[in-house]
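Observations on chain architecture
Each chain, letter by letter, is given below.
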Amino acid sequence: MSMIEFRNVEKYYDEFHALIDINLTINEGEKVVLIGPSGSGKSTLIRTINGLERVHSGQLLVNGFDLADKKTDMNKIRKNVGMVFQHFNLYTNKTVLENIMIAPRLVLKRSESENKKLAMELLDSIGLADKAGNLPSQLSGGQSQRIAIARSLAMKPKCLLFDEPTSALDPEMIDDVLNVMREVAEDSSMTMLVVTHEMSFAREVADRVIFMDSGKILEDNLKEIFFDGEPTNNRARRFLSKIGKH
Ligand code: ADP
């Protein structure tokens, strides 16, 4: 069954045409990597999926709800669709534990004991149980991003969106975050859409790779074809040769 379906979606920022006739289906459990040059619309596309950006026309079905319909309740979408940002977006005045517990408490009304137990299990699984009482300012970027992922997982979402999750990190911290993402990907039921330039991650984890340029999807192909065959699109080929395939 499809988790995300774009049908002829258009998006403008004032006069600027940011998403042009987007057609894309991502099925439940699929792991998809989205690549493309800076400014091509990757972030815009991913942000439309949990309603952070509105689409102007077409249909955008997420978990069965149409986000192009103004009447759709965004809270119903966000319960099942988590997002991990480049700059973590943790609540700076709340402890690590509280950052993880707050959404399940407010949105899912999870009991306090259950909520804490789950949060501690998540912290343990990412190797940061000892940071439960710390504030985000006391963490490194890599640790903050692992907490941000745990915070998303605490909602037990069906789908996780990652918008360049490692591009603000020092190189030595990137692997720690990618390892957590690899573990998330081991859950076969979790749908993942990841904007990243980490091609080794894409090669390992993705089922499909999507290439965007100038607001359009120019290639949507199986990973094997994208990396080991040749992308059919010229611009996708050039982009790959510039950033390196591995
Ligand atoms: P990418 O993630 O591929 O770098 P973005 O989706 O961030 O691309 O941006 C696509 C284009 O839309 C860029 O030209 C960018 O300047 C423009 N854009 C993004 N956000 C806004 C905004 N809030 N207002 C106006 N233009 C925007």
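The structure under discussion appears in the preceding block.
Within any chain, residue numbers begin from 1 and follow the written order of that chain's sequence. Only residues with pLDDT of at least 70 get local features here, since the model is predicted, and only at 80 or more are side-chain atom pairs given and counted; chain-wide, interface and lining totals rely on the full set of residues. In computing side-chain values, all of the structure's heavy atoms are included and hydrogens and water are not.

Moving on, we get to the overall build of the protein chain. Starting at the N terminus, helices and strands are each numbered in turn, a helix being any DSSP run of H or I of at least four residues and a strand any DSSP run of E of at least two. For the protein chain, the helix and strand inventory stands at nine helices and ten strands. Across its three principal axes, the protein chain shows a C-alpha extent of roughly 50 × 45 × 35 Å. In what follows, residue pairs with any heavy atoms lying within 4.5 Å of each other are defined as contacts. For the protein chain, the proportion of contacts with a sequence separation of at least 24, taken over those separated by at least 6, is 64%. Areas reported here follow the Shrake-Rupley algorithm with a probe of radius 1.4 Å; residue values treat only the protein chains shown as occluding. When the accessible area of the protein chain is evaluated, it comes to approximately 11400 Å², of which 47% is carbon and sulfur surface. Charged-residue counts in this description rest on Lys and Arg as positive and Asp and Glu as negative, His and the chain ends being excluded. Charge positions come from single atoms, namely NZ of Lys, CZ of Arg, CG of Asp or CD of Glu. In the protein chain, which carries 32 positive and 35 negative side-chain charges, the distance between the mean positions of the two groups comes to 4 Å.

So, about the packing of helix α3 (residues 96-107) against helix α4 (residues 112-125). Between the N-to-C directions of two axes lies an angle of 0 to 180 degrees, each axis being a line fitted to C-alpha atoms and, for a helix, fitted only over the stretch in contact. Two numbers describe how α3 lies on α4: the axes approach to 9 Å, and their chain directions differ by 130 degrees. Regarding the angle of α3 to α4, the classification is oblique. Between α3 and α4 lies a crossing of right-handed hand. Between α3 and α4, the contacting residues are Val96, Leu97, Ile100, Met101, Pro104 and Arg105 on the first element and Glu112, Asn115, Lys116, Ala119, Met120, Leu122 and Leu123 on the second. Under the scheme applied here, ten amino acids are nonpolar (Ala, Val, Leu, Ile, Met, Phe, Trp, Tyr, Cys and Pro), four are charged (Asp, Glu, Lys and Arg), and all others, including Gly, are polar. Residues belonging to the contact of α3 with α4 are distributed by class as follows: nine nonpolar, one polar and three charged. Each angle receives one of four descriptions, namely roughly parallel if under 35 degrees, roughly antiparallel if over 145, roughly perpendicular if within 65 to 115, and oblique otherwise. Helix crossings get a hand from a simple test, with the near helix turned counterclockwise from the far one by less than a right angle marking a left-handed crossing and a clockwise turn marking a right-handed one.

This part takes up the environment of glycine 82. Assignment of secondary structure puts glycine 82 in strand β6 (residues 81-84). Note on exposure labels: buried denotes an accessible area under 20% of the residue type's maximum, exposed denotes more than 50%, and partly exposed covers the range between, all computed with a 1.4 Å probe on protein chains only. Since its relative accessible area comes to 10%, glycine 82 is described here as buried. The spacing of glycine 82 and histidine 17 is 65 residues in sequence and 26 Å in space, taken between C-alpha atoms. With residues up to four places along the chain from it excluded, the contact list for glycine 82 reads Ser152, Pro157, Cys159, Leu160 and Leu161.

Buried together is how nonpolar side chains tend to be arranged in soluble globular proteins. Grouping buried Ala, Val, Leu, Ile, Met, Phe, Trp, Tyr and Cys residues that are joined through side-chain atoms within 4.5 Å yields what is termed a nonpolar core. Within the largest apolar cluster, 48 residues are counted, with the highest numbers of intra-cluster contacts made by Ile35, Ile100, Leu123 and Ile147. Looking at which element gives the most residues to this core, the answer is helix α6 (residues 171-185), with eight residues. The residues contacting isoleucine 147, other than those within four sequence positions of it, are Leu90, Val96, Ile100, Leu123, Ile126, Leu128 and Leu139. Formed by 28 residues, the second largest nonpolar core is a distinct cluster that contains Met3, Ile4, Leu19 and Met74.

What follows is about the site of the ligand. Inspection of the region around the ligand gives Tyr13, Phe16, Pro37, Ser38, Gly39, Ser40, Gly41, Lys42, Ser43 and Thr44 as its neighbouring residues. Two N or O atoms form a polar contact when they lie within 3.5 Å of each other; inside protein one atom must be a possible hydrogen donor and the other a possible acceptor, and for residues adjacent in sequence the pair counts only when both atoms belong to side chains. Note that an oxygen atom of the ligand is positioned 3.0 Å from one of the backbone N or O atoms of serine 40. Within the complex, the protein chains bury 58% of what would otherwise be the 560 Å² of accessible surface of the ligand. If you tally residues by element for the shell around the ligand, the top one is helix α1 (residues 42-49), at three residues. Here the shell around the ligand is composed, by residue class, of three nonpolar, six polar and one charged. Throughout, the term near means that a residue has one or more heavy atoms lying within 4 Å of the molecule or strand in question.

The residue arginine 151 is located in helix α5 (residues 141-153) in this model. Polar side-chain contacts of arginine 151 include one of 3.1 Å to the backbone oxygen of asparagine 89.

What follows concerns the packing of aromatic side chains. Aromatic pairs are defined between Phe, Tyr and Trp rings, using the six-membered ring for Trp, whenever the two ring centres lie within 6.5 Å; interplanar angles under 30 degrees are classed as stacked, those over 60 as edge-to-face, and all others as tilted. In the structure shown here, the tally under the stated rule is two aromatic pairs. Where phenylalanine 226 meets phenylalanine 227, the ring centres are 5.9 Å apart and the plane angle is 70 degrees; that geometry is what we call edge-to-face. For the pair shown, phenylalanine 226 and phenylalanine 227 are each scored as buried. For arginine 151, the ring lying beneath its charged end belongs to tyrosine 91, and the centroid distance is 5.6 Å. By definition here, charges over rings are those cases where NZ of Lys or CZ of Arg is within 6 Å of the ring centre and within 35 degrees of the ring normal.

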